[in-house]
Amino acid sequence: MVCLGNICRSPLAEGIMKQQAAQAGFEWFVDSAGTGHWHTGALPDPRSIQTAHTHGIDITDQRARQILPIDFDRFDRIFVMDVLNLNDVLRLARNESDRSKVSLLLDQVYPGQNQSVPDPYHDDDGFEAVFQMLELSCAAFVDRYQPA
Ligand code: 4NP
């Protein structure tokens, strides 16, 4: 799960995907990162911590980090929150295999529509809406792996 700062959106996405994968009985390794380095080592934004907590998810074990090219080797799928992140992560890709792992998270719900999870950093009221988008998208992804 990748956003810009790795303190608002992607920590929520990591927490939600971990919870949903666990509920589905999947042992997936889920992590998050930012394209930027500014918040490296920081806790998630207090508003993300609070929003997750409201939904019964604890994300206080997370610390921000920057995405690295080696992440293309460590992960099968890389979900980005917005088109800016998409371009930044694709620029790190070393080959077609790397590129094929990267997609917008909202493609899980709105394929082909290039929809972005809005950056809530400057919008105190945006966090719950972001949570809802992330939850829908993660559920759609997890559902694809459920036995029919
Ligand atoms: P995020 O939000 O990408 O969802 O973690 C942001 C957090 C920090 C900044 C921008 C976006 N920033 O400019 O510091």
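Note that this is a predicted model, so its numbers are computed, not measured. (Residues numbered from 1 in each chain as written. Predicted model: local features only at pLDDT ≥ 70, side-chain atom pairs only at ≥ 80, totals over all residues. Heavy atoms only, no water.)

> I'd like a rundown of the overall build of the protein chain, residues and numbers included.
Looking only at helices and strands, the protein chain features six helices and four strands. For the protein chain, the spread of C-alpha atoms along the three principal axes comes to 40 × 40 × 30 Å. Residues counted as buried form 45% of the 148 residues belonging to the protein chain. Of the contacts made within the protein chain by residues no fewer than 6 positions apart, 71% connect residues no fewer than 24 positions apart. A total accessible area of about 7700 Å² is found for the protein chain, and carbon and sulfur atoms account for 52% of it. (Helix = DSSP H or I, 4+ residues; strand = E, 2+ residues; numbered from the N terminus. Buried < 20%, exposed > 50% of the residue type's maximum accessible area, 1.4 Å probe, protein only. Contact = heavy atoms within 4.5 Å. Areas by Shrake-Rupley, 256 points an atom, 1.4 Å probe, with all protein chains shown as cover.)

> Run through unusual backbone geometry, naming residues and quoting values.
Here Asn 6, not a glycine, exhibits a phi torsion of approximately 60°, which is positive. For Asn 6, the position within the fold is in the loop between strand S1 (2-3) and helix H1 (9-23). With a relative accessible area of 2%, Asn 6 lands in the buried category. Notably, Asn 114 is not glycine yet its phi reads approximately 55°, a positive angle. Judged by its relative accessible area of 53%, Asn 114 is exposed.

> Give me the lowdown on the nonpolar core, citing residues and values where you can.
Membership of the largest hydrophobic core comes to 23 residues, with the highest contact counts inside it found for Met 1, Leu 12, Met 17, Met 81, Leu 105 and Leu 134. Among the elements of the structure, H1 and helix H6 (127-144) are those that each provide at least two residues to this core. Of all the elements, H6 adds the most residues to this core, at six residues. Apart from the residues within four sequence positions on either side, Leu 105 is in contact with Met 1, Ala 13, Phe 79, Val 80, Met 81, Leu 134 and Ser 137. (Core = buried A, V, L, I, M, F, W, Y, C linked by side-chain atoms within 4.5 Å.)

> Quick one: what's the story with the packing of aromatic side chains, residue by residue and with numbers?
As enumerated under the stated definition, the model contains six aromatic pairs in all. Their ring planes at 15° and their centres at 4.9 Å tell us that Phe 26 and Trp 28 sit as a pair that is stacked. Classification of Trp 28 by relative accessible area gives partly exposed; the value is 31%. Members of the aromatic cluster, connected to one another through ring pairs, are Phe 26, Trp 28, Phe 79, Phe 141 and Tyr 145. (Phe/Tyr/Trp six-rings, centres within 6.5 Å; stacked < 30°, edge-to-face > 60°.)

> Tell me about the pattern of salt bridges, residues and numbers included.
Within the structure shown, the criterion is met by eleven salt bridges. Linking Arg 47 and Asp 124 is a salt bridge whose minimum nitrogen-to-oxygen distance equals 2.7 Å. In this pair, Arg 47 sits in helix H2 (residues 46-54) while Asp 124 sits in the loop between strand S4 (102-104) and H6, placing the two residues 77 residues apart along the sequence. Among the ionic pairs, Asp 71 bridges to Arg 74, the shortest N-O distance being 2.9 Å. Placement of the pair is Asp 71 and Arg 74 together in helix H3 (residues 71-74), with a separation of three residues, close to one helical turn. (Salt bridge = Lys/Arg side-chain N within 4 Å of Asp/Glu carboxyl O.)

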